[in-house]
Amino acid sequence: MQPFDAQSKGDEQLLAALLDGMEAGLCALDRDGVVTHWNAEAGRILGWSAAEAIGRQGFAGWAARSADAKEAEERLLATMEAPGRHVHEFALLTKDGRRVLVRVQAAAVAGADGLPAGVYCAFSEVHAQIDLERSIALSESLFADASWGVVLIDADLRPAQVNAQAARMLRAGREALLGRPLGEVLAEGAEEVEGALQHVLAEGAPPAIAELWVSLRGEDTGARHCWRSGFVRLGSPLGDEPAPLGVGWLFWDVTRQKAAEKDGARIRFRYQQLHRADRAAAECEDGLEAAALHLDFALAGFADHALLDLADATGRMVRIAATPEGEPGPCEPVAGGGIPVGYTPAHPVLQAVERLGTVRTSLGAQRGQEAPAQALVDAWAADRRWPAGTVHGLATVLRSRGRTVGALTFLRGSGRALFDRADVAYAEDVAARVASALDLAGLAGRR
């Protein structure tokens, strides 16, 4: 066991090391206002060494201007008569004559008799303190009021902190998300998100914002969301070489914007196709050739097959042109026409003719559902006299000069989505042009 004097000396050395290692300036005054302690950080901030500061009476004439020193000393010494810590702001003076605004936390120091023996104050430059407070306030506001999702991901790629907006977007409570693998929250897109997080941990933040498509577990609709995401690597400021503590993931939902952009691009492309078809069809001498040309332009990015039926004198549908059933190809006239197509009474083509409109039908699976067996798909298509593999159909009537000219059918395989309302509008625009071409061909034949 160490002698008392040696242990006391060791304690003093330890205390001195701790005081000098503080990240805030430390100054202590006795009851008379004489400086008794002055650590290394105080010397760094003001430029006065401990040897120059300790033993001085107050701050006047060296660490503060005379006009400022009296008020500062009075407020600090008054701390001995009040319980707890008190915060003050003073203008102090550096050794080279520059004024520095500091924020001070002061508290009384009790002597062995329990009475106030002096006061200590820890201080730092106000701008440094304000920077710290701003950082804390920013962090708190991100997790309280931010309109985008913020998730802190630890080094194991699990959420460590989640703000309210992120919890709403992930359809779960903030506490329920903590520590859970992302694969338990995201049905689709988890691998892409984890890949981005791993890259940030290893290489740092990517140079550009990423757009990640995800779907959430538990959503019956199977909807996909596009989250515009930014990532920042979190490192500890306490280490010599900051080790990554995790990743900050900031994201917001741009699904509607991306859908609008996609729809706009699709509409522009389709109507460029219509314009090109109009110009090409104007050079055709034969009306049927012009109609087939319209269908060739319309099929690009829209459907796999097109079937063109002409109404005969009795109203029955006769196939006059079609795309090949195997590999995709151009729409060609059907050889040996004149025989009506054997459509069943409830066939979509006959329904479209009866309603003078458009009919959609589908056997395809909705998102999240199991796809139908191939045998069932082929049987369904064969029953409607459509090519094998067809799962989506759209039939629309051909009208010109107030009468039904025929019917037009577009077909899609299992690799494509259902026909939607925008598809219906486009198909009807194509049908109007095809009907005009066929009607013109009939008029030319009677002249």
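Everything that follows concerns the structure shown earlier in this document.
Thresholds, definitions, all that
- Residues numbered from 1 in each chain as written.
- Predicted model: local features only at pLDDT ≥ 70, side-chain atom pairs only at ≥ 80, totals over all residues.
- Heavy atoms only, no water.
- Helix = DSSP H or I, 4+ residues; strand = E, 2+ residues; numbered from the N terminus.
- Expected span 1.5 Å × (residues − 1).
- Buried < 20%, exposed > 50% of the residue type's maximum accessible area, 1.4 Å probe, protein only.
- Arc of directions from axis to C-beta.
- Contact = heavy atoms within 4.5 Å.
- Patch = residues over 30% accessible without salt bridge, like charges linked within 9 Å, V, L, I, M, F, W, Y side chains within 5 Å.
- Areas by Shrake-Rupley, 256 points an atom, 1.4 Å probe, with all protein chains shown as cover.
- Salt bridge = Lys/Arg side-chain N within 4 Å of Asp/Glu carboxyl O.
- Core = buried A, V, L, I, M, F, W, Y, C linked by side-chain atoms within 4.5 Å.
- Phe/Tyr/Trp six-rings, centres within 6.5 Å; stacked < 30°, edge-to-face > 60°.
- Lys NZ or Arg CZ within 6 Å of the ring centre and 35° of its normal.
- Axes fitted to C-alpha atoms, helices over the stretch in contact; angles between N-to-C directions.
- Parallel < 35°, antiparallel > 145°, perpendicular 65-115°, else oblique.
- Left-handed = near helix turned anticlockwise from the far one by under 90°.
- Nonpolar A, V, L, I, M, F, W, Y, C, P; charged D, E, K, R; others polar.

Let's talk about helix α4 (residues 66-77)
1) Next: Here α4 is 12 residues long and its end C-alpha atoms lie 17 Å apart, about the 16 Å a rise of 1.5 Å per residue gives.
2) Next: All of the buried residues in α4 are A69, A72 and L76. The arc that holds the buried residues of α4, viewed along the axis, is 75°, so those residues lie on one side. What points out from α4, more than 90 degrees from its buried face, is the exposed set A67 and K70.
3) Next: The inward-facing, buried residues of α4 abut β1 (25-30), β3 (86-93), β4 (99-110) and β5 (116-125).

A few points about a nonpolar patch on the surface
1) Next: The grouping of W148, I209 and W252 at the surface amounts to a nonpolar patch, some 290 Å² of accessible area in total.
2) Next: Position of W252 relative to the elements: it lies in strand β11 (residues 244-253).
3) Next: Residue W252 is classed as partly exposed on the basis of its relative accessible area of 33%.

Let's talk about the nonpolar core
1) Next: Membership of the largest hydrophobic core comes to 31 residues, with the highest contact counts inside it found for L295, L308, L398, F410 and V430.
2) Next: For this core, the elements supplying multiple residues, two or more each, are α9 (255-281), α10 (287-299), β12 (305-311), β13 (317-322), β16 (390-400), β17 (403-413) and α13 (421-446).

So, the packing of aromatic side chains
1) Next: By the definition in use, this model includes 13 aromatic pairs.
2) Next: Taken together, a centroid distance of 4.9 Å and an interplanar angle of 25° make the contact between W227 and F251 stacked. In this pair, W227 sits in strand β10 (residues 225-235) while F251 sits in strand β11, placing the two residues 24 residues apart along the sequence.
3) Next: Both rings, one in W249 and one in F251, keep their centres 4.3 Å apart while their planes meet at 35°; by these two values the pair is tilted.
4) Next: Exposure remark for W249: the relative accessible area of 1% places this residue in the buried category.
5) Next: The aromatic ring of F419 is capped on one face by R412, whose charged end is 4.0 Å from the ring centroid.

Things to note about the packing of α9 against α10
1) Next: For the pair α9 and α10, the least separation of the axes is 9 Å and the interaxial angle reads 155°. By the criterion of interaxial angle, the relationship of α9 to α10 is roughly antiparallel. The crossing of α9 and α10 is right-handed. Facing α9, whose interface residues are Q273, R276, A277, D278, A280 and A281, α10 presents A290, L293, H294 and F297.
2) Next: Looking at side-chain class alone, the contact of α9 with α10 contains 6 nonpolar, 2 polar and 2 charged residues.

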